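# A look at the structure
As a plain string of letters, each chain reads:
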Amino acid sequence: MKFICVGLNYAQHIGEMQMSRPEEPVVFMKPESALLRNNNPFFVPEWAKQFDFETEIIVRIDRLGRGIQPKFAHRYYSEIGLGIDFTARDLQKKLMAAGQPWEVAKAFDGSAAVSNFISKDLFASVQNIDFHLDVNGECRQQGNTRDMLFSIDEIIAHVSKYFMLKQGDVIFTGTPAGVGPVKINDRLQGYIEDRLMLDFEVK
Ligand code: ZN
């Protein structure tokens, strides 16, 4: 499986990153070795100074597909979850300033924390879902999927032009504003609406 991730998909996050609004989804990938699940701890690597959480709605692909039209994209997934796209922010900024790919800052081992998946039919619309992250019991990041610049179906249509989607692939749909650094012994608890989806520690 692979992770396909979208950056800069919420206007307020683009503002906090001092970036400009993209005309097409900004896409990057993580390999299977990035997977962090079962609420296992996130171990802070030693090779960068600042690791940020990015809390995101994630989508699990159910069916093989390529060149999917937006109007058919909903047929390719039935479950969503919550993920954290861990990012070595200092390293990412350095790589971006040098005009280099940011892969190592985004796709390293354990950088994709993933919850269990739940049926999208639990929600009236996948484009109106509240989600938030508590750090040590305090709400630090919140968003609603209605604020995405590119909807889940638009993302699927876009990425399937370039990459064959396979059953089990996971799409990270972008983070709202409020990203911030983690430190050792933080407890991260992520929610979709009022449902606890992620609960793990930073070590
Ligand atoms: Zn992200």
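Cut-offs used in this document
- Residues numbered from 1 in each chain as written.
- Predicted model: local features only at pLDDT ≥ 70, side-chain atom pairs only at ≥ 80, totals over all residues.
- Heavy atoms only, no water.
- Core = buried A, V, L, I, M, F, W, Y, C linked by side-chain atoms within 4.5 Å.
- Buried < 20%, exposed > 50% of the residue type's maximum accessible area, 1.4 Å probe, protein only.
- Contact = heavy atoms within 4.5 Å.
- Helix = DSSP H or I, 4+ residues; strand = E, 2+ residues; numbered from the N terminus.
- Arc of directions from axis to C-beta.

## Digging into the nonpolar core
In terms of nonpolar packing, the biggest core is built from 61 residues, with Phe42, Ile84, Phe86, Ile156, Leu188, Ile192 and Phe200 touching the most fellow members. Those residues within four positions of isoleucine 84 in sequence are excluded, and the remaining contacts are Phe53, Glu54, Ser111, Ala112, Ala113, Leu133, Phe172, Leu188, Leu198 and Phe200.

## Here's the deal with helix 2 (residues 89-97)
Those residues of helix 2 not exposed but buried are Arg89, Leu91, Gln92 and Leu95. Across the axial projection of helix 2, the buried residues extend over an arc of 160°, all falling on one side. Among the exposed residues of helix 2, those pointing more than 90 degrees away from its buried face are Lys93, Lys94 and Ala97. Tucked into the core, helix 2 has its buried residues touching strand 4 (51-53), strand 7 (87-88) and helix 3 (103-106).

## Remarks on the environment of leucine 35
Among the structural elements, leucine 35 can be located in strand 3 (residues 35-36). Residue classification places leucine 35 among the partly exposed positions, given a relative accessible area of 28%. Placed 79 residues apart in sequence, leucine 35 and valine 114 show a C-alpha to C-alpha distance of 7.1 Å. Leaving out residues up to four positions away in the same chain, leucine 35 has contacts with Phe3, Gly110, Ala112 and Val114.

None of the figures reported here should be taken as evidence of function without further support.
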